[in-house]
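# Architecture at a glance
Each chain is listed here by its residues.
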Amino acid sequence: MQVYLPIAEMAVSAEMIFSVSAFVGFLSGLFGIGGGFLTTPFLIFTGVPAAIAVGTQPCQIVANGMSGMLGHLRKGHVDFKMGGFMLIGSTVGSLIGISIFKLLQYLGQIDFVISLLYVVLLSSIGTMMLVESIFTMFFKKKNMRSEFNTNKVTGLKAILPFKTRFNRSNLYISALLPVGVGFVGGILASILGIGGGFLLVPAMIYIIGMPTLMVAGTSLFQIVFTTSISTMLHSVTNQTVDILLAAILIAGGVIGAQFGVAFNGKIKPLHARIILALLIIVVSLRLSGNLFIEPIEIFSTVVR
Amino acid sequence: MRNLFIIIAALVMAGFAPFNGARAQGDVVIDLAVDHVDITTGFNGAHLSLFGVQSEPGDIAITIKGPRRKMVVRQKKKILGVWMNRKGMEFESVPIYYDYALSKPETEIAPEDVRRANYLGADTLRFASKDEKKFDAPVVKGFQDALIRNKQAARLFPTEAQPITYIDDKFFRTTLYLPSNVPTGLYTIETHLLKNGKVQDVRTTELKVAQVGRSAAIYNFAHSWAFTYGFLCVCFAMGVGWLSNAIRRRLSS
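Criteria and cut-off values
- Residues numbered from 1 in each chain as written.
- Chains lettered and ligands numbered in written order.
- Predicted model: local features only at pLDDT ≥ 70, side-chain atom pairs only at ≥ 80, totals over all residues.
- Heavy atoms only, no water.
- Helix = DSSP H or I, 4+ residues; strand = E, 2+ residues; numbered from the N terminus.
- Rg over C-alpha atoms; globule rule 2.2 N^0.38 Å.
- Buried < 20%, exposed > 50% of the residue type's maximum accessible area, 1.4 Å probe, protein only.
- Contact = heavy atoms within 4.5 Å.
- Areas by Shrake-Rupley, 256 points an atom, 1.4 Å probe, with all protein chains shown as cover.
- Lys, Arg positive; Asp, Glu negative; His and termini not counted.
- Charge placed at Lys NZ, Arg CZ, Asp CG, Glu CD.
- Pairing = 2+ DSSP bridges.
- Axes fitted to C-alpha atoms, helices over the stretch in contact; angles between N-to-C directions.
- Salt bridge = Lys/Arg side-chain N within 4 Å of Asp/Glu carboxyl O.
- Parallel < 35°, antiparallel > 145°, perpendicular 65-115°, else oblique.
- Left-handed = near helix turned anticlockwise from the far one by under 90°.
- Nonpolar A, V, L, I, M, F, W, Y, C, P; charged D, E, K, R; others polar.
- Phe/Tyr/Trp six-rings, centres within 6.5 Å; stacked < 30°, edge-to-face > 60°.
- Core = buried A, V, L, I, M, F, W, Y, C linked by side-chain atoms within 4.5 Å.

For chain A, the count of helices and strands is 11 helices and five strands. For a compact globule of 304 residues, the expected C-alpha radius of gyration is about 19 Å, and chain A comes in at 19 Å, within 12% of that figure. Here the C-alpha coordinates of chain A stretch approximately 50 × 45 × 40 Å along the principal axes. Counting the 304 residues in chain A, one finds 54% classified as buried. Pairs at least 24 apart in sequence give 77% of the contacts found in chain A among residues at least 6 apart. Accessible surface for chain A amounts to roughly 13,000 Å². Of this, 71% is attributable to carbon and sulfur atoms. Each charge class in chain A can be summarised by its mean position, and for the 18 positive and 9 negative side chains these summaries are 21 Å apart.

A count of helices and strands for chain B gives five helices and 12 strands. The buried share of chain B, reckoned over its 253 residues, is 46%. For chain B, long-range pairs separated by at least 24 residues make up 69% of all intrachain contacts whose partners lie at least 6 apart in sequence. About 12,700 Å² of surface is accessible on chain B, with carbon and sulfur atoms providing 56% of the total.

Our focus in this paragraph is the sheet that holds strand S12 (residues 198-211) of chain B. Residues and elements named next belong to chain B. Strands sit in the order S2-S12-S11-S4-S7-S8 across an open sheet of six strands; the sheet is mixed. Looking along the sheet, the strands with just one partner apiece sit at the ends: strand S2 (36-39) and strand S8 (162-163). By the bridge criterion, five bridges tie strand S4 (residues 59-65) to strand S7 (residues 98-102) in an arrangement that is antiparallel. Residue pairing in the sheet places Ile-64 in a bridge with Asp-99 of S7.

Taken in spatial order, the three strands make up an open sheet running S5(A)-S5(B)-S6(B), and their pairing is antiparallel. Because the sheet does not close on itself, it has two edges, and the strands there are strand S5 (299-303) of chain A together with strand S6 (82-95) of chain B. The sheet shows a mean angle of 25° between the axes of neighbouring strands, direction not considered. With respect to the sheet, helix H3 (residues 137-153) of chain B is in contact with S5 of chain A together with strand S5 (68-79) and S6 of chain B, its orientation differing from that of S6(B) by roughly 80°.

A few words on the pattern of salt bridges. Residue and element names in this part refer to chain B. All chains considered together, the criterion is met by 10 salt bridges over all chains. Two residues, Asp-145 and Lys-141, come together in a salt bridge whose shortest N-O distance is 2.9 Å. Taken together, the residues span about one helical turn, with Asp-145 and Lys-141 both in helix H3 at a distance of four residues. The class for Asp-145 is partly exposed, based on a relative accessible area of 26%. When its relative accessible area of 42% is taken as the criterion, Lys-141 is described as partly exposed. Residue Asp-201 is joined to Arg-203 by a salt bridge in which the shortest nitrogen-to-oxygen separation is 3.9 Å. You can call Asp-201 buried: its relative accessible area is 6%.

This part is about the pairing of S12(B). Residue and element names in this part refer to chain B. Bridge count for S2 against S12 is four bridges, and the pairing is parallel. Each residue of the ladder has a partner; that of Asp-38, found in S12, is Ala-210. Here strand S11 (residues 185-195) hands over to S12 after two residues, with Asn-196 in that stretch at a positive phi of 50°.

Before going further, it helps to spend a moment on the packing of helix H9 (residues 212-238) of chain A against helix H5 (residues 226-252) of chain B. Two packed helices can be described by the angle between their axes and the distance between those axes. It is at 8 Å that the axes of H9(A) and H5(B) come closest, and there the two elements cross at 150°. Relative to H5(B), the element H9(A) is oriented roughly antiparallel. At the point where H9(A) passes H5(B), the crossing takes the right-handed sense. Contact residues: Val224(A), Phe225(A), Ser228(A), Thr231(A), Met232(A), Ser235(A) and Val236(A) in H9(A); Ala226(B), Phe227(B), Tyr229(B), Gly230(B), Phe231(B), Cys233(B), Val234(B) and Met238(B) in H5(B). Its residues assigned to classes, the contact of H9(A) with H5(B) shows 11 nonpolar, four polar and no charged.

All names here are of chain A. Packing of helix H3 (residues 50-74) against helix H10 (residues 243-263) leaves a shortest axis separation of 9 Å and a crossing angle of 40°. Viewed along their axes, H3 and H10 adopt a mutual orientation that is oblique. Judged by the sense of rotation from one axis to the other, the crossing of H3 with H10 is right-handed. In this structure, H3 uses Ile-52, Thr-56, Gln-57, Cys-59, Gln-60 and Ala-63 to contact H10, whose residues at the interface are Leu-245, Ala-246, Leu-249, Ile-250 and Gly-253. Residues of the contact of H3 with H10, tallied by class, amount to seven nonpolar, four polar and no charged.

Scanning the model with the defined rule gives 13 aromatic pairs over all chains in all. When the ring of Tyr4(A) is compared with that of Phe43(B), the centres are 5.7 Å apart and the planes differ by 80°; the resulting orientation is edge-to-face. Of this pair, Tyr4(A) sits in strand S1 (residues 2-5) while Phe43(B) sits in the loop between S2 and strand S3 (46-54), each in a different chain. Accessibility expressed as a relative area gives 0% for Tyr4(A), which makes it buried. Seen from their ring centres, Phe80(A) and Phe221(A) are 5.2 Å apart, and the 90° between their planes marks the pair as edge-to-face. Residue Phe80(A) is found in helix H4 (residues 80-107), and its partner Phe221(A) is found in helix H9; the two are separated by 141 residues along the sequence. Exposure remark for Phe221(A): the relative accessible area of 10% places this residue in the buried category.

Time to look at the nonpolar core. Membership of the largest hydrophobic core comes to 67 residues, with the highest contact counts inside it found for Phe37(A), Leu43(A), Ile114(A), Tyr118(A), Leu122(A), Leu192(A) and Leu245(A). Among the elements that line this core, the one with the most residues is helix H5 (residues 110-139) of chain A, at 11 residues. Once you skip the residues sitting within four places of it in the chain, Leu192(A) turns out to touch Thr40(A), Val54(A), Ile114(A), Leu117(A), Tyr118(A) and Leu121(A). Ala61(B), Phe91(B), Tyr100(B) and Ala146(B) belong to the second-largest nonpolar core, a separate cluster that totals 25 residues.

Here it is, written out as structure tokens:
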């Protein structure tokens, strides 16, 4: 069924968008990822303008993240104070990100920068995950994470001012750390249209040093509000939030996630990590084609 | 898939117009049966059927042009092994949509200068640019050709003329296609009556392409109440997220 998107001003196949968002929803239920990094490039492949894809995808992440966050909230696994400081950073980051987005759009480099950032982020994270998983598989080291040297950052941590006590996470650290991590998350959300969980979670563990139990809920708390702000900003500054597209994405995501959660216990976490790592690498390879392969048409036209 | 058929009756009648005193050769009169294309949620392109009547022999050429916008054409270059946009050229006023129909093959209907003057054919379109002085003539032509190629790939410019078929000596018809990504705005349809390669008369009529119904309501709301619209989108998303969590909890307990 073809559906005319009122904001994108084009018709898309509703089944196709729905099936992809359901598939991504399935993965997000299975792996506990947001999946924005898979949906946004897909939307761009299908011909949805990058501005609409990046503007609308955060709206889907709000729904997805909200559902996940409530589950963690009930168990008391959300550090509101930490999340609040991250949110300050991400709000500033989103505002700057939106300006960068507009500037790049004006310069005609937005597609290039989106592809480049995706390739750099996805290929490095995918490779790291894959190496870590394979390492664990062969050497049976259950706790690779403790091998990472957190002392390196402790030196820097000691110097930073504005020390604050975070009771939930049992930390006494500089408030600049969560603000800084949130700032990066905010920039990514507004330029790439993703929640940035795949970057925030490791940052919260290794840089902030939060207990793993609190990380998922707190990052989701931060993601829900950052993507909400991002949605508002895209709506006000560019009018690129398509509610009909968002509704199809949300419906697919919610339904797919239920199957993913149901499937969760049936697959070994290690195998799941390897599959996810391979998937991330495949997406980054596909996107790197945009950068390295000579395009068939070297000219492109946009309305200014 | 639903196609919208719009019937446009173009009455081309030589010597029928009220102010024909000054002209010796005959005039063109056009009338539209339906002067708008409505874009709804189910819109997936529309066929525009034009019917016309002609009381005197001559050739017919019809052009349709969408609203004009400023467009930028950019050229990719390989830099450090990576393909990225480098040179760009801005064109001041490009019709977002263009199509044409001819009753005779392009080469026979009129000499090139007449075709160029009346924009009969995609190859006759040339767009002005402030950046023209920055580049050499072949480079400018390269950009102009690329603009037409890109528009043709998006199906917003034609690759060849639509045929005009005669039902009898006087009645003719043609069908133009508006794809689903057709921009909204006011379109102008120009009907030319040509005789021996010379334009006898041109009559202009307008076609309004606009979103209607729910689709238009969403568009207008998002543009005039952007803050409220964004806020409602967020509320909707949060509500669905909450609901799905509630349902999951109900199912698992």
